[in-house]
Amino acid sequence: MGADARAIELRRNLLTVEARLAQACAGVGRRRDELTLIAVTKTFPVDDVVRLARLGVRDIGENRDQEAAAKAADLTDAGLRWHFVGQLQVNKCRSVAQYASAVHSVDRLRLVDALARAADAADRVIDVFVQVDLDGEPTRGGAPAAFVPELAGRIASTSRLHLVGVMTVPPLHADARAAFDRLATISADLRREHPEAAAISAGMSRDLEVAVAAGATHVRIGTALLGGRPRVVR
Ligand SMILES: *Cc1c(COP(=O)(O)O)cnc(C)c1O
């Protein structure tokens, strides 16, 4: 597929996603500008990020440091905000802190400490979401809901990490509405202690309407924008 055909395809996909967001907002009396659309470009080439940027997309999501770091290094002057949405290892924090504006997947105290040190070394401030695990399935990452207050307190006590809210990846076959409603409750509990931490990162290609209805402020959209991904073997 030529570069122009791909640009046209991405444009069409973006229009479709924007129409879904507009309809979802209208359905529950919310405004589109309450939402940040994050284009999750993992496995797709940096040229697709450039094409999306030309279409006005500014928030880019990635889930592997190696890939994200390379893309961010190629596009340092593009004015993009890089969101790290994948499971993060302590030994990747130094790298992630160089380019990430936001990390959506902070789920343990050791990670808070490592990311805070890395942000300090990079002389940057990073927005942090506490990732919540709603069903005890370890492969997607996330902290149990009961642990959110302690993690949030630790994040808020640092000068380099800015506690912005909560995130979840719902179980694949779960009822997304029930999952996002629970996340909304966890968010409300968090805001009693940290009123500024009002962001809710929830909603992917298949369930963005449900997420918007449940109060999401950040939707992370891959497939609906970029197309299907090959199965990644790691
Ligand atoms: C890949 C990914 C997404 C995007 O998923 P789609 O179903 O392709 O929209 C969102 N969030 C996280 C954490 C991801 O890893």
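Structure: above.
This one's a predicted model, so the numbers in the text were calculated from it and none came from an experiment. (Residues numbered from 1 in each chain as written. Predicted model: local features only at pLDDT ≥ 70, side-chain atom pairs only at ≥ 80, totals over all residues. Heavy atoms only, no water.)

1. A word on the pairing of strand E1 (residues 36-40)
Under the convention used in this document: With a 1.4 Å probe rolled over the protein chains alone, any residue whose accessible area is under 20% of its type maximum counts as buried; one over 50% counts as exposed, and the rest are partly exposed. Secondary structure elements are taken from DSSP: a helix is a run of H or I of four residues or more, a strand is a run of E of two residues or more, and numbering for both begins at the N terminus. Following DSSP output, two strands are said to pair if at least two bridges run between them. Viewed with both strands pointing away, a crossover whose connecting path from the first strand over the helix to the second turns clockwise is right-handed.
Across the 5 residues that make up E1, a large majority, 4, are buried. As defined by bridge partners, E1 adjoins strand E9 (residues 218-221) across 4 bridges and the pair is classed as parallel. Each bridged residue has a counterpart across the sheet, and for Ile38 the counterpart in E9 is Arg220. Examined bridge by bridge, E1 and strand E2 (residues 59-62) share 2 bridges and lie parallel to one another. When the bridges of E2 are listed, Ala39 appears paired with Ile60. Handedness of the crossover is the feature at issue here: the chain leaves E1, passes through helix H2 (residues 46-54), returns alongside E2, and the resulting connection is right-handed.

2. A short note on the site of the ligand
Spelled out, the test is: We define proximity as follows: a residue is near a molecule or strand when any one of its heavy atoms falls within 4 Å of that partner. Identification of polar contacts relies on pairs of N or O atoms within 3.5 Å, with a donor-acceptor requirement for protein atoms, meaning one able to donate a hydrogen and the other able to accept it, and with residues adjacent in sequence counted only if both atoms are side-chain atoms. Accessible areas in this description were obtained via Shrake-Rupley with a 1.4 Å probe; residue shielding takes into account the shown protein chains only. We call Asp, Glu, Lys and Arg charged. Ala, Val, Leu, Ile, Met, Phe, Trp, Tyr, Cys and Pro are nonpolar, and the rest, Gly among them, are polar.
Residues in close proximity to the ligand include Val40, Lys42, Val85, Met167, Val169, Met204, Ser205, Arg220, Ile221, Gly222, Thr223 and Arg229, which together make up its full environment. At a separation of 2.5 Å, an oxygen atom of the ligand approaches a polar side-chain atom of Ser205. Here an oxygen atom of the ligand sits 2.8 Å away from a polar atom, N or O, in the side chain of Arg229. Coverage of the ligand by the protein chains reaches 90% of its 390 Å² of free accessible surface. When the residues that make up the shell around the ligand are grouped by side-chain class, the tally is 6 nonpolar, 3 polar and 3 charged.

3. Remarks on the pattern of salt bridges
The condition that has to hold: The rule for a salt bridge is simple: a side-chain nitrogen of Lys or Arg has to be within 4 Å of a carboxyl oxygen of Asp or Glu.
Counted according to the given criterion, the structure contains 19 salt bridges. When the shortest N-O distance is used, the salt bridge between Arg32 and Glu18 registers 2.8 Å. Taken as a pair, Arg32 in the loop between helix H1 (3-28) and E1 and Glu18 in helix H1 lie far apart in primary sequence, 14 residues in all. Judged by its relative accessible area of 28%, Arg32 is partly exposed. Looking at Glu18, the relative accessible area reads 27%, which means it is partly exposed. For Arg160, the salt bridge identified is with Asp123, shortest N-O distance 2.9 Å. Remark: Asp123 occurs in the loop between helix H5 (109-122) and strand E5 (126-133) and Arg160 occurs in the loop between helix H6 (148-156) and strand E7 (161-167); sequence separation between them is 37 residues.

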